[in-house]
Amino acid sequence: MSDAKTELPGERNPLAYAHYRVLKRSTGLPWMLGSGGMGITYKAVDTRLKIEVALKVIHPARLSDPKVERLFVREARSAARVLHPNVAPVLFLSDSPGRFFYAMEFVDGVSLGSWLSKHGPLQPRLALGLAAQVARGLQAIHEQQIIHRDLKPTNVMVVQFPPEHSRYRALAETDGCQLKIIDFGLAKVTSQMDLSASMDVTSTAGFHGTILYASPEQCEERRDLDVRSDLYSLGCILWEMLLGHPPFRGTTLRELLNQHATEPVPLQRVEHLPAPVREVLTRLLAKRREDRYIDAETTAAALEATRMHLTERPPPRPRAPGLPGTVSRVTAPVIPSPDSSPTGGTTFTWRAAHATASTAARATARATATQPRLASRRWWGAGLGLVLVLAAAGVFASRSGLLSDRRAAPVAPVKVSPKSLAVLPFASIGEGETKDYFAEGIHEDILTTLAKIRDLTVISRTSVLNYKPGVPRNLRTIAAELGVAKLLEGTVRRAGNRVRVTAQLVDAATDRQIWAEIFDGDLSDIFAIQGRIAREIGRALAAKLTPQEEVRLAEKPTLNAKAYDSYLAGRAVLYRGLETNAGIGSERRRDLIAEAIVCYERALEADPKFALAYAALANLHGELYWYGLDRTPARAAKVRETALAALRVDPESAEPHLAYGEYLYRVERNFAAALAEFETARNRAPGSADANVGAMLSLRRLDRWPEAVEAGNRALELGPRDLFVLATVTEVFEGVRDWKKAVELPQRAARLARDPAEQLALAARNRFHGDGDLAAYRTAMQPLVDRIPRTERVDYLRVTGEHEAGLENLRQLPGGTLPLSLVALPKTLPVGWHLRWLGRESEAQASFALAAQALTAAVNEQPESPHEHAHLAWAFAGLGQQEEAVREARRAMDLLPESRDAIAGRNLQAMAAFVFSQFGLNDEALKLLEGVARRPNLTITRGGLMHDPAWGKLRGEPRFQAVIVELDCKVL
């Protein structure tokens, strides 16, 4: 196995770890499984035993830290002593200086915390069975004189086997789920065995553990912990399995400590559970450890006996507000493969599908002040993208629908939360060039700070940009349009390094001022001012602030006035792109990015520990890479380097996790790892629309569509007037075939845009895809077709049979490859298909030959890129070369199955179906289409199958017509 092109953090030879080799993804990057406070875990192979393992190395942010090295070694040695089916074992440890790592079992699953967020609360029988597995694992740990001390859902892995798997029968009582305890980072060895000199760090002086699951003894910081402390933590986990949340949820750290230590367990919340279950919870959560079960073995026996007594399963308990939904039993596999990243290609793009998540780059990609490039997002964002839009199978292609006019489908009124607010743009008072961008920066930073408070709903910045100061503003109307109860207005005055910020909070229903204050200070005090404003507003709205939120509100990203000023200047450069309509991928946009990068680098020169500047840089480098403006290994390394730097400097804030999540999504295409980062960002900044969009996009890739819809709805709540959010969330509803919502959202966007043509066309295409009414589609598009981008026009002309006009528009596209493509797709490929539909066969053959030549070279250069193979299959199909076309289509599907990427995998299956249909292999083609049609996808639609010329050879098949009928139904 060859060395990786990109080094792991701090390693000279990144793939060589003794006889272990880190596996690479098809992109050539290391295969990362996850990261935590102390280490990063990679998927690797033991070259001697020929098995896959998980390889844990010290996190780059903690390199050369002797204490971390001691903890790292202790964790490995503790875990290595335990051999049990419910504990992930350590297989090898290296403690060579500068080369600390250990290998452990590769657990192909997800954390119990993630699993419960999707499937909890659980029925008692299932919860008791899973808890019994954890108890058996604890028994094995305790037998080695080890106390875990940090047992929690995120330190327990779930592997769920499908019913057809050979191991399912043995695990049938727990729906095929096997649990494994991991992470011995806080384990305490209670025997006198001298494991190493580093064991002195196991002292329990001070609090150790995770407060939500800590025993009373831990909260009292007692030194004489024993195994019953872990049993209390198990009781907290069982409670969460049954109710969807831990037993205690104090609003401050001290309150939580006191609740665990002294307050009685709130058993009134579990009155609906059977009495034996309540008895188990009472014993496990007893304040006095003497009142708990004596050990883990006894606990496991009690759990199993209680489960056996529950012969009937009560109906699901209605879920409480804000808690996960209830399910009765889970029988389908729910664990995505860790290999969940795509390889290359024309799969979904984020921002214009995924422009950037930094505050600065968000502004450019999601303008409400100017018209975004929605068309570009559609080509590459949906299904097979422009590749197929123009290559012939529009059904694979952009999401054609059909539309109504701008007056249709008003949004139904919704109940407004009294703790919802919008921060209107602040007015700038004073003179000088910097006054406007400084006020804009203060406005955005206050909004971002408020978004850290979970108990508030804060509308995204992009949704409020149109309500500029100096323009008459009717507060009641604004509040109604944004769906909020309160509005925050303010002014900013800057004189040199002195700053004055005034702010007032208004109740929109009564126009009554709730709170107002004036803040004065130096420029270096600005973050303290922002935190004070956020806390005051939280108090005014009776919002509950957790201890973690109190800490985040007090954070000061930099104390260097020059660094902050340069940072704001960088954001101002990108804001300027809104006014000049610098589209994604344009030369103007490239110039703005280069100028902003200089500003951010200047900020970092002034303060090398300014995490927000690192995060902003990472997002700009990521945009250059993602949109093909600079798709070099050096640029990819820049994305990674700056994202990791942001994390290293400030691992507690949301922005670094957003930046690193975008790196994982855009460069590594590791959607599971990206989701973990976005979830962390959502926890740190619950009001972040970007974090919810990132989670939504990753969840779709992982085939977790119900959760993706939920995250999308939350993003809509936070960004009700954000064109990017509206357009991106639309695709989730397209995927599950909820065409009513897929039409309504772009119609809503059309009412907000200066030029609504693209949004109206998107709504039109979506209705067409849902109902297949071609006549209505033509009627809706007639006034729009000349106002939308040329590629979108080609899509429309193809399905309406106007191939001559489509060919002309294709040829007018600049360059030899399609614009904004994530792979180099030669324009000769779609040109060839248009020529064939026009009956100009000799010209078509010549065009296909040129496309095949270019794509063969691309495949030789990137043999692991599934989309290069799929495109080559289309070229061979055009040339009539069946063996070569079928081979390449199969190779593409093998390289990227839907288990790795639900969206791209199903797109490739649809592409292969087209190839097979060209040679009369109808049975194989229909099997693929039937499979894709039964699941959420952005490829196969009713309108496309009915009218796209790509499917002409299958339309006489009864099974094909049955697929069209099946597409009438929503997937969810």
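Residues numbered from 1 in each chain as written. Predicted model: local features only at pLDDT ≥ 70, side-chain atom pairs only at ≥ 80, totals over all residues. Heavy atoms only, no water.

Okay, the pattern of salt bridges next. In this structure the tally under the stated criterion is 51 salt bridges. Its salt-bridge partner being R887, residue E888 comes within 3.1 Å of it at the nearest N-O pair. Between D923 and R959 there is a salt bridge whose closest N-O contact spans 2.8 Å. Here R959 lies in helix α37 (residues 958-966) and D923 lies in helix α35 (residues 922-933), a separation of 36 residues in the sequence. For D923, a relative accessible area of 40% gives the class partly exposed. R959 gets classed as partly exposed once you look at its relative accessible area, which sits at 30%. Each of R222, D224, D226, R228 and R289 takes part in a single network of salt bridges with overlapping partners. (Salt bridge = Lys/Arg side-chain N within 4 Å of Asp/Glu carboxyl O. Helix = DSSP H or I, 4+ residues; strand = E, 2+ residues; numbered from the N terminus. Buried < 20%, exposed > 50% of the residue type's maximum accessible area, 1.4 Å probe, protein only.)

Here we come to the environment of D455. In this fold, D455 is placed in the loop between α12 (435-450) and β15 (457-458). Assessed through its relative accessible area of 28%, D455 is described here as partly exposed. A C-alpha to C-alpha distance of 7.3 Å links D455 and K419, two positions 36 residues apart in sequence. With residues near it in sequence (within four places) discarded, D455 still touches K419, A542, A543 and K544. A distance of 2.8 Å separates polar atoms of two side chains, one belonging to D455 and the other to K419. (Contact = heavy atoms within 4.5 Å. Polar contact = N/O pair within 3.5 Å; in protein donor to acceptor, adjacent residues only side chain to side chain.)

Among the surface-exposed residues, L49, I51 and L91 lie close enough to one another that they form a single nonpolar patch of about 270 Å² accessible area. Looking at the element boundaries, L91 is found in strand β6 (residues 90-96). Classification of L91 by relative accessible area gives partly exposed; the value is 44%. (Patch = residues over 30% accessible without salt bridge, like charges linked within 9 Å, V, L, I, M, F, W, Y side chains within 5 Å. Areas by Shrake-Rupley, 256 points an atom, 1.4 Å probe, with all protein chains shown as cover.)

Time to look at the pairing of strand β5 (residues 51-58). Burial runs high along β5: six of the eight residues are buried. Direction of pairing for strand β4 (residues 39-46) relative to β5: antiparallel, over a ladder of eight bridges. Bridge assignment links T41 to a residue of β5, and that residue is K56. Count of turn residues in the β4/β5 antiparallel hairpin: four residues, of which K50 carries a positive phi of about 60°. (Pairing = 2+ DSSP bridges.)

Looking now at the packing of aromatic side chains. By the definition in use, this model includes 19 aromatic pairs. Geometrically, the ring pair formed by Y660 and Y663 is stacked, given 5.7 Å between the ring centres and 20° between the ring planes. Taken as a pair, Y660 and Y663 lie in helix α20 (residues 654-668) at a separation of three residues, close to a single helical turn. Between Y777 and Y796 the ring centres are 5.2 Å apart and the planes differ by 90°, which places this aromatic pair in the edge-to-face class. One end of the pair, Y777, is in helix α27 (residues 774-781); the other, Y796, is in helix α28 (residues 790-799), with 19 residues separating them in the sequence. For the residue pair Y777 and Y796, the accessibility class agrees, reading buried in each case. (Phe/Tyr/Trp six-rings, centres within 6.5 Å; stacked < 30°, edge-to-face > 60°.)

This model, assessed by the stated rule, comprises eleven cavities of 30 Å³ or more. Of the voids in this model, the second largest cavity is the one considered here, and its volume is about 200 Å³. Around the second largest cavity, the lining is made up of 18 residues, and of these T449, K452, F527, P557 and L612 lie nearest the centre. Of all the elements in the fold, those that place two or more residues in the lining of the second largest cavity are α12, α14 (526-540), α15 (547-553) and α16 (561-580). Partitioned by chemical class, the residues of the lining of the second largest cavity number five nonpolar, six polar and seven charged. (1 Å grid on protein atoms, 1.4 Å probe; cavity = no way out; pocket = protein on both sides within 12 Å on 5 of 7 lines; lining within 4 Å. Points joined across faces, edges and corners; volume = space filled by probe spheres on them. Nonpolar A, V, L, I, M, F, W, Y, C, P; charged D, E, K, R; others polar.)

Right, let's talk about the sheet that holds strand β10 (residues 156-160) for a bit. On the basis of which strands lie adjacent, the open sheet formed by three strands has the order β8-β10-β11 and antiparallel pairing. Two strands bound the open sheet, and with one partner strand each, they are β8 (110-111) and β11 (177-181). Two elements, β8 and β10, share two bridges in a ladder whose sense is antiparallel. Looking at the pairing, S111 lines up with M157 of β10. The strands touched by helix α3 (residues 124-143) are β10 and β11; relative to β11, the strand with the most contacts, the crossing angle is about 35°. (Axes fitted to C-alpha atoms, helices over the stretch in contact; angles between N-to-C directions.)

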